[in-house]
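Report on the structure
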Amino acid sequence: IDGTLLYVGKSKNLRERVNSYFYEGGRRSDRARKIVERVHRIEFEPLGSDLEAVLREAEAIRRRRPSDNVQRRVHPKGERSARLRSILILEPAAPPLVLRAYLVRDGRMVDRVGVGPRGGGLLRIRRALEDRFFSAAVGPTPSAGPEIDVELVARWLSANRDRVVAFDPTDLASAEEVVERLRWYLTQSGPLDPDGSPVHRR
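The notes below deal with the structure included here.

Thresholds, definitions, all that
Residues numbered from 1 in each chain as written. Predicted model: local features only at pLDDT ≥ 70, side-chain atom pairs only at ≥ 80, totals over all residues. Heavy atoms only, no water. Helix = DSSP H or I, 4+ residues; strand = E, 2+ residues; numbered from the N terminus. Buried < 20%, exposed > 50% of the residue type's maximum accessible area, 1.4 Å probe, protein only. Areas by Shrake-Rupley, 256 points an atom, 1.4 Å probe, with all protein chains shown as cover. Contact = heavy atoms within 4.5 Å. Pairing = 2+ DSSP bridges. Axes fitted to C-alpha atoms, helices over the stretch in contact; angles between N-to-C directions. Polar contact = N/O pair within 3.5 Å; in protein donor to acceptor, adjacent residues only side chain to side chain. Expected span 1.5 Å × (residues − 1).

Glancing now at the overall build of the chain. Of regular secondary structure, the chain possesses 7 helices and 4 strands. Counting from the amino terminus, the chain carries its helices and strands in the arrangement α-α-α-α-β-β-β-α-α-β-α. When the 202 residues of the chain are sorted by exposure, 36% land in the buried category. Here the chain displays about 13,000 Å² of accessible surface, and carbon together with sulfur accounts for 48% of that area.

Okay, structure coming up:
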């Protein structure tokens, strides 16, 4: 009644998830039962991307501290965290997009860009790459983008390695070379083979 946020969650099947809380014949945990007793309103936001949902959920829990979420402090593991110092993640996207690109640099989300079948979004990606990945700026540079839980992203990548492509863009020579790779993915209609396996350009 007072507008207090009780719980933030994500689900690929929202109807099934919500029904699991309210279905009387089901087996509910004590925590779920207590939420149902106090809930007055349910809000949802379709995102069209699993990684986006993971990031938004973690951000909302951290920022708004809902009373019924158990927020575990995740400590980045050195090796995995180091691999995420510079990374570009490509996830298949629902039409009208083909790809969703996430650019992570030094523990911050530099940009999240939807890429259309004709290359819409590639110019924005190129600018972000030039500014934050291939820049020769001297001295301190301002932080770009919100801080993210790199361990959470590393776990997500590990669990989804059969459906996404991720690489360090600085392994290539320039921002233009990275964009050319993305254009090649567009000619393949995305980062996955017809059998669902990630396509890796030879």
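Structurally, Leu182 is set in helix H7 (residues 175-187). Once residues within four sequence positions are removed from consideration, Leu182 is found in contact with Leu88, Leu90, Leu122 and Ile125.

Next up on the list: the sheet that holds strand E1 (residues 86-92). A sheet is described by the order of its strands in space; here 4 strands give the open sequence E3-E2-E1-E4, paired in antiparallel fashion. Edge positions in the sheet fall to strand E3 (108-115) and strand E4 (165-167), since each has one partner strand and no second. Averaged over all neighbouring strand pairs, the angle between strand axes comes to 15 degrees, with direction disregarded. The pairing of strand E2 (residues 99-105) with E3 spans 7 bridges and is classified as antiparallel.

Looking now at unusual backbone geometry. For the bond running from Pro95 to Pro96, omega is 15 degrees, close enough to zero to count as cis. Mapping Pro96 onto the fold places it in the loop between E1 and E2. The phi dihedral of Arg65 falls on the positive side, at around 45 degrees, and the residue is not glycine. Structurally, Arg65 can be placed in the loop between helix H3 (50-64) and helix H4 (78-83). Arg65 gets classed as exposed once you look at its relative accessible area, which sits at 68%.

Moving on, we get to the side chain of Asn160. Along the chain, the position of Asn160 falls in the loop between helix H6 (150-159) and E4. Polar contacts involving the side chain of Asn160 include one to the main-chain carbonyl oxygen of Trp156, which spans 2.8 Å.

Before going further, it helps to examine the environment of Asp171. Along the chain, Asp171 turns up in the loop between E4 and H7. Looking at Asp171, the relative accessible area reads 63%, which means it is exposed.

Before going further, it helps to examine H3. With 15 residues, H3 should cover 21 Å at 1.5 Å per step; its first-to-last C-alpha distance of 21 Å lies within 8% of that length. Taken together, the buried positions of H3 are Asp50, Leu51, Glu52, Ala53, Val54, Leu55, Ala58, Ala60 and Ile61. Considering only its buried residues, H3 is in contact with E1, E2, E3 and H6. Put simply, Ser49 is the residue that caps the front of H3, since its side-chain oxygen is 3.1 Å from the backbone nitrogen of Glu52. Backbone geometry just downstream of H3 places Arg65 in the positive-phi region, at approximately 45 degrees.

Spatial relationships are all this shows, so hold off on functional conclusions.
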